[in-house]
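# Architecture and fold: a report
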Amino acid sequence: MLIIRPIRSSDFDALYQIAIESGHGFTSLPVNEELLRKKIARVEASFVKEIEKPFDEGYLMVLEDTETGEVVGTCGLEAAVGMVDAFYHYRLGTEVYYSEQIDVRNEVETLTLCHDYTGAAELCTLFLRDSYRKNNNGRMLSRSRFLFLAQHAERFGETVIAEMRGESDAEGNSPFYGWLQKHFLGIDFVQADYLSGLGQKAFMAEMMPKNSVYVCLLPEEAQKVIGEVHTNTRPALNLLQAEGFRCRGYVDIFDGGPTVECNLHDIRSVRESRLLTVKLGEMPASSCSFIISNTLLAGYRATSAKLMVSDETDEVILSPELAGALLVAEGEQIRVLAM
């Protein structure tokens, strides 16, 4: 069985290996032992923290194959970004120039450095090992976060965002970053991305252009990739668009990849998930697959299974094995979402 649960300190070796496998551009998991250990400690504290409003909490889950005990994937949520470390984006805008004298009108796209998403929740750190990218495992892992958001909405910002990985080659070189490196930062993309992942962002405030940048003045190869996603990220973007996420003109400052957003309560899976009461027994045959989670915080568990769910009742039958894996007993509630 594949079970999603909060990460714990004993998962460090697995997380470090995933950081290596995830490659360039996966900023939330830099290959750095100290940072990864701090990340796990922060997550463990977040899952037991009492809050009045979202601040700097992080909720990182792992996907465990219970047959082997192997951690094969991750998915995460940030409660409210930018509350401690600055959270930068470029905002795409338009400046209009018109001269009545010469009867010429021009519209020029601009990129302006901003912190507009400060306080937003973030979907992040989605990774699944190659051998498990089958049987809708990736869809289950990604969408399970919406059940967590639905159940614990008070722990997250009202706007939920996701940064989509932009175009880069096998060596991690970004066409968009090239001009920035040449004229402003002076370090390569991999190093800048790594420092960002470490939270060492002072160089951005010190070296990034302070004024709006005219897109038309960038190299053509940089212009072409603004708002474009990496080939490997296209399925993730399609899934989020189906949930109601849209790009509102914000892109990553390093690779130009789009950031998409949606109000938490407008996310399709948040709206369509249901709370059902558990009955233990022999599960009826069904062809309908559901993502299932309990309603706990520190004891959060999620998985997928074929269930018989009816609009006419708020009860659902779970086998004792499945209920045990989800840490629920008869009479307790679970949250379900059709796959």
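By convention here, each chain's residues receive numbers from 1 onward along its written sequence. Thresholds applied to this predicted model are a pLDDT of at least 70 for local features of residues and 80 or more for the giving and counting of side-chain atom pairs; totals over whole chains, interfaces and linings are not thresholded and use all residues. In computing side-chain values, all of the structure's heavy atoms are included and hydrogens and water are not.

### Let's talk about the pairing of strand 4 (residues 89-99)
Strand pairing is assigned whenever DSSP detects at least two bridges linking the two strands. A run of DSSP states H or I qualifies as a helix once it reaches four residues; a run of E qualifies as a strand once it reaches two. Both are numbered from the N-terminal end. In this structure, strand 4 lies alongside strand 5 (residues 104-114), joined through eleven bridges in antiparallel fashion. Residue pairing in the sheet places glycine 93 in a bridge with threonine 110 of strand 5. Between strand 4 and strand 5, which follow one another and run antiparallel, lie four residues, and aspartate 103 among them has a positive phi close to 55°. Where strand 4 lies against strand 9 (residues 246-251), two bridges are found, and the strand directions are antiparallel. By the bridge assignment for strand 9, tyrosine 90 is matched with valine 251.

### Digging into the pairing of strand 1 (residues 2-6)
Here's how the labels work: a residue is buried when its accessible area is under 20% of the maximum for its type, exposed when over 50%, partly exposed in between, all with a 1.4 Å probe on protein chains only. In terms of burial, strand 1 is a largely internal element, five of the five residues being buried. When strand 1 meets strand 2 (residues 58-65), the two strands line up antiparallel, connected through five bridges. The residue of strand 2 that forms the bridge with isoleucine 3 is glutamate 64.

### Some points on the state of the cysteines
Disulfide assignment relies on a single distance test, namely cysteine sulfur atoms paired within 2.5 Å. If you walk through the whole model with that rule in mind, you get zero disulfides. Cysteine 124 carries a free sulfur, and the closest cysteine sulfur to it, the one in cysteine 75, is 8.9 Å from it. Overall, cysteine 124 belongs to the buried group, its relative accessible area being 12%. Among the cysteines around cysteine 247, which has no disulfide bond, cysteine 114 carries the closest sulfur, lying 12 Å off.

### Points about helix 4 (residues 175-185)
Within the sequence span of helix 4, burial applies to Phe176, Tyr177, Trp179, Leu180 and Leu185. With its buried residues spanning 155° around the axis, helix 4 presents them on a single face. Opposite the buried face of helix 4, at more than 90 degrees from it, the exposed residues are Lys182 and His183. Two to three positions downstream of the cap, the backbone nitrogen of phenylalanine 176 sits 3.2 Å from a side-chain oxygen, assigning the N-cap of helix 4 to serine 174. Throughout, the arc means the angular range of directions from the helix axis out to the C-beta atoms. Within 3.5 Å is the distance limit for a polar contact, defined as a pair of N or O atoms, with the added protein rule that one can donate a hydrogen and the other accept it, and that residues adjacent in sequence qualify only through two side-chain atoms.

### Examining the pattern of salt bridges
When the charged atoms of two side chains lie near each other, side chains of opposite charge can form a pair. Take a side-chain nitrogen of Lys or Arg and a carboxyl oxygen of Asp or Glu: if they are within 4 Å of each other, that pair is a salt bridge. Inspection of the entire model under this criterion finds 18 salt bridges. The salt bridge involving glutamate 243 is made with arginine 268; its shortest N-O contact spans 4.0 Å. With glutamate 243 in the loop between helix 8 (234-242) and strand 9 and arginine 268 in helix 9 (residues 268-272), this residue pair connects regions lying 25 residues apart in the sequence. For arginine 268, a relative accessible area of 27% gives the class partly exposed. One salt bridge in this structure joins aspartate 311 and arginine 274, with 3.7 Å as the shortest N-O distance. One end of the pair, aspartate 311, is in the loop between strand 13 (302-306) and strand 14 (315-318); the other, arginine 274, is in strand 11 (residues 274-280), and 37 residues separate them in sequence. Take aspartate 311: its relative accessible area is 75%, and that puts it in the exposed class. A network of salt bridges, in which partner residues are shared, links Arg143, Glu243, Arg268 and Glu272.

### Thoughts on the environment of glutamate 109
Mapped onto the fold, glutamate 109 is located in strand 5. Distance from glutamate 109 to glycine 93, taken between C-alpha atoms, is 5.6 Å for residues 16 residues apart in sequence. Contacts are assigned to residue pairs that have any heavy atoms within 4.5 Å of one another. Ignoring sequence-local partners within four residues, the contact set of glutamate 109 consists of Gly93, Thr94, Val213, Tyr214 and Val215.

### Focus: the environment of glutamate 33
Among the structural elements, glutamate 33 can be located in helix 2 (residues 33-48). Take glutamate 33: its relative accessible area is 45%, and that puts it in the partly exposed class. For the pair formed by glutamate 33 and arginine 8, sequence separation is 25 residues and the distance between their alpha carbons is 15 Å. Residues contacting glutamate 33, with those up to four places away along its chain left out, are Phe12 and Tyr16.

### Considering the nonpolar core
Counting 56 residues, the largest nonpolar core has Ile4, Leu123, Phe146, Leu149, Phe156, Leu240 and Phe245 as its most contacted members. Take this core: its biggest share by element is seven residues, from helix 3 (residues 137-151). If near-sequence neighbours (up to four positions away) are discounted, isoleucine 4 is found in contact with Met61, Val62, Leu63, Cys75, Met140, Leu141, Ser144, Tyr300, Arg301 and Ala302. Core analysis: the next-biggest nonpolar cluster, separate from the first, contains 24 residues, Leu111, Leu185, Ala192 and Met204 among them. Nonpolar core, defined: a set of buried Ala, Val, Leu, Ile, Met, Phe, Trp, Tyr and Cys residues in which side-chain atoms within 4.5 Å join the residues together.

### Some words on the packing of aromatic side chains
Each Phe, Tyr or Trp ring (for Trp, its six-membered ring) is paired with any other whose centre lies within 6.5 Å, and the angle between the two planes then decides the class: stacked below 30 degrees, edge-to-face above 60, tilted in between. A complete count under the given rule lists 13 aromatic pairs for this structure. Arranged with centres 5.3 Å apart and planes meeting at 55°, the rings of tyrosine 59 and phenylalanine 156 form a pair that is tilted. Remark: phenylalanine 156 occurs in the loop between helix 3 and strand 7 (159-163) and tyrosine 59 occurs in strand 2; sequence separation between them is 97 residues. In this structure, tyrosine 59 and phenylalanine 156 share a single accessibility class: buried. The interplanar angle of 80° and the centroid separation of 6.0 Å between the aromatic rings of phenylalanine 148 and phenylalanine 156 together place this pair among those described as edge-to-face.

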